[in-house]
Structures are given as C-alpha cells and as structure tokens.
Amino acid sequence: MTEIVKIHIINIDFLGNIFCVFLLLPVIVVEEYMNKFSEDKYISKQIVKRLPRYYRFLGELKDKGVERISSTDLSTIMNVTASQIRQDLNKFGGFGQQGYGYNVNSLHKEIGRILGIDTPHNMVMIGAGNLCKAIMHYRSFPRYGFHIIGAFDICPEKIGTVINGITVMSMDELEPFIRTHKADIAVVTVPTSAATEVLERLSKTDIKGVWNFAHVDYTMPNNIQIENVHLSESLMILSYNIADVSKGN
Ligand code: NAD
C-alpha cells in the first residue's frame, strides 16, 4: 500500500518581506494608484503581499528571455490558480490580453513600480552582530535596489570593524549619517532589551521604513512604516502544520 507523506514547507521570502516595509506604506500608495482605475479595483493587503512573489517569478522569466506568458503557464510555475493570477493582475490595469497572455517585461516593470523598487533605497544596519552580518552578506538586495550604506553599533569592540566592505560606526553618528546620506530604511538587529530605545530614536529621524528583527512590537509614527520579522513565529507555524498532519487533519 502506498503511504502518502505530507511535507510542510514554509518559504521565507526575505526580499518579499523587505518589500513589505515599503509595501505596507504602499497599501496607501497602491490604494491611491488603484483609484485611478476604478473604485471596484480596490487592492487588498493580501494581494499586496503576493506582489513580491509575482515580481520574483516575472524577473526570472525575463532573465530567461521569456517575452510573454499566459495566466495558465504562470499559474503552473507559481503553483497558484490561473483565476487567482487573473484576478490579481487585472487589478493593475489589465496587462493581459486575450490570446496573448501577459507581457513579462511590462508587468515586471509595473509591479516593481508599484512596489516602490524602481527607485533605489539606502539602508542602515543597527546592531552589527550575527544577524546583521548575515544580512550584509546577502548578495541579492542590490539587485532589487536595496543598498546597505552604513552599519552602527554601541559596542566599542565592534566600532571600526569592517563587514562586507562597510566600516561599523558609533551610534553617535547615526542621526547625522541618516540625514546626510538620505538613508530611508533602518534594519534593527539589536538585542530585544535595546530595541525600544533604538526604535524610539529612529522615530525622530527622516527614516521612512524600519525592518525590525528584534522581538518587540513597537508602533512607529504614521510617517514611518515598520515591518517586524519573527523567524521563530514562522517556525512555530511549521511545527503546528506538522502536528496537525500527524493528528490526521
Ligand atoms: P548579536 O548579539 O550577535 O548582535 C546584536 C548587536 O547589537 C551587538 O553587536 C550589540 O553590540 C549591538 N547592540 C546592543 N545594543 C545596542 C544599541 N543600543 N545600539 C546599537 N547596537 C547595539 O545578536 P543577533 O544574533 O545578531 O540578533 C540580533 C537581534 O535579532 C536580537 O534581538 C535577536 O533576538 C534577533 N533575532 C531575530 C530573529 C528573527 O527572526 N526576528 C532571528 C534571529 C535573531
């Protein structure tokens, strides 16, 4: 007898996540954008959260030289229904044409524009520890217009060290650096005990978005978007799904 084994996969899409820093800002921008089309073209947060995935798949198709794709073929690659794809993408002004499919380049470009990644973003890292190093060594961010331009720490032994070509600066230099270099995203990788103080400090700067990895839920002022990333929560969902299957659900 064949035994069916279910394996749960939780995909962590860091890029998708960082897009969300600007995306959830963007819910407002996107809503305004959508109003240009029609009132029934309201775009939900769920759709917004799917956009980075569309962007990634379309980018891969573009790199392979694919010029157009049908919703059916895109649905096979992305493992979602063709009707979901049509519903989602129709919200963006009907890039698909009957019998032609979607123009990969135009759709990729438009989604990038909606995601706010058609213009580059300058990021600063706060808390130059293990996680910060891992993020700073991730090579795909610049491809999407995310440039790490500075790193800061409070610890004298860390200040002056170099991570992937960037010299760690003292926290005393944070505000002037943000101002002078027009940094618009701060990545918070300090211990939980220091996070509230750091976030409070950031709330008084010109930063536009915070990608927060520390385990605090902090409310930023309205003009600053915050995206909290909790890897352990994602792992707990995986654990729940495994437990759920072993109960026979
Ligand atoms: P780490 O101890 O290696 O690094 C923390 C760094 O922050 C240190 O270099 C420390 O000197 C610096 N720091 C402390 N107080 C500071 C302050 N006031 N201002 C500036 N810098 C300060 O820790 P890590 O393993 O890199 O983890 C960093 C944070 O990320 C922790 O809060 C951890 O819980 C969290 N974390 C989150 C996830 C997640 O999924 N969200 C995953 C791993 C780690």
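Each remark here, short or long, concerns the structure printed above.
**Things to note about the packing of aromatic side chains**
Throughout the structure, instances matching the rule amount to 5 aromatic pairs. Each ring, one from Tyr55 and one from Tyr144, has its centre 6.0 Å from the other, and the planes form 55 degrees; the classification is tilted. Here Tyr55 is found in helix 2 (residues 45-63), whereas its partner Tyr144 is found in the loop between helix 6 (130-136) and strand 5 (146-153), with 89 residues between them in sequence. With respect to class, Tyr55 is no different from Tyr144; both count as buried. Where Phe152 meets Phe177, the ring centres are 5.4 Å apart and the plane angle is 70 degrees; that geometry is what we call edge-to-face. Of this pair, Phe152 sits in strand 5 while Phe177 is found in helix 7 (residues 174-181), placing the two residues 25 residues apart along the sequence. The same class applies to Phe152 as to Phe177, namely buried. Counting every residue linked through ring pairs, the aromatic cluster contains Tyr138, Phe141, Trp211 and Phe213.

**Structural notes on the packing of helix 2 against helix 3 (residues 71-78)**
Orientation of helix 2 relative to helix 3, taken along the N-to-C sense of each, is 105 degrees, at an axis distance of 11 Å. When the axes of helix 2 and helix 3 are compared, the pair comes out roughly perpendicular. Only Leu74, Ile77 and Met78 of helix 3 make contact with helix 2, whose side of the interface consists of Arg53, Tyr54, Phe57 and Leu61. Residue composition of the contact of helix 2 with helix 3, by class: 6 nonpolar, no polar and 1 charged.

**Quick look at the nonpolar core**
Judged by nonpolar contacts, the single largest core of 37 residues is most densely connected at Tyr54, Leu89, Ile111, Met125, Ile135, Met136 and Val187. With 6 residues, the top contributor of residues to this core is helix 2. Membership of the second largest hydrophobic core comes to 23 residues, among which are Phe177, Ala183, Val210 and Ala214.

**Focus on the pairing of strand 9 (residues 209-212)**
Side chains of strand 9 alternate between two faces, with Gly209 and Trp211 and Val210 and Asn212 buried alike. Looking at chain direction, strand 8 (residues 185-188) and strand 9 are connected through 4 bridges and run parallel. Paired with Ala186 across the two strands is Val210, which belongs to strand 9. As a crossover connection, the stretch from strand 8 through helix 8 (residues 192-202) into strand 9 is right-handed.

**Considering the side chain of Thr189**
Of note, Thr189 is situated in the loop between strand 8 and helix 8. Classification of Thr189 by relative accessible area gives buried; the value is 13%. A distance of 2.6 Å separates the side chain of Thr189 from the backbone oxygen of Gly127, its partner in a polar contact. In contact with Thr189, not counting residues within four places along its chain, are Ile126, Gly127, Leu131, Cys132, Ile135 and Phe213.

Parameters at a glance
Throughout this description, residue numbers start from 1 for each chain and increase along the sequence as written. Restriction of local features to residues with pLDDT of at least 70 applies here, the model being predicted, together with a cutoff of 80 or more for giving and counting side-chain atom pairs; totals for whole chains, interfaces and linings are based on all residues. Side-chain descriptors were evaluated using all non-hydrogen atoms of the structure, hydrogens and water having been removed beforehand. We call Phe, Tyr and Trp rings a pair once their centres come within 6.5 Å, taking the six-membered ring for Trp, and we label the pair stacked below 30 degrees between planes, edge-to-face above 60, and tilted otherwise. Under the DSSP-based scheme used, a helix requires at least four consecutive residues in state H or I and a strand at least two consecutive residues in state E, with every element numbered from the N terminus. Whether a residue is buried, partly exposed or exposed follows from its accessible area with a 1.4 Å probe, protein chains only, as a fraction of its type maximum: under 20%, in between, or over 50%, in that order. The angle between two axes is taken between their N-to-C directions and runs from 0 to 180 degrees, where each axis is a line fitted to C-alpha atoms and a helix contributes only its stretch in contact. Any angle between 65 and 115 degrees counts as roughly perpendicular, while under 35 counts as roughly parallel, over 145 as roughly antiparallel, and the rest as oblique. The contact rule is simple, with two residues in contact once any of their heavy atoms fall within 4.5 Å. Only Asp, Glu, Lys and Arg are considered charged, only Ala, Val, Leu, Ile, Met, Phe, Trp, Tyr, Cys and Pro nonpolar, and every remaining residue, Gly among them, polar. By nonpolar core we mean a set of buried residues, namely Ala, Val, Leu, Ile, Met, Phe, Trp, Tyr and Cys, connected to one another through side-chain atoms within 4.5 Å. If DSSP finds at least two bridges between two strands, the strands pair. A crossover gets the label right-handed when its path from the first strand over the helix to the second runs clockwise, viewed with the strands pointing away from the viewer. We call two N or O atoms a polar contact when they sit within 3.5 Å, provided that within protein one can donate a hydrogen and the other can accept it, with sequence-adjacent residues counted only if both atoms are side-chain atoms.

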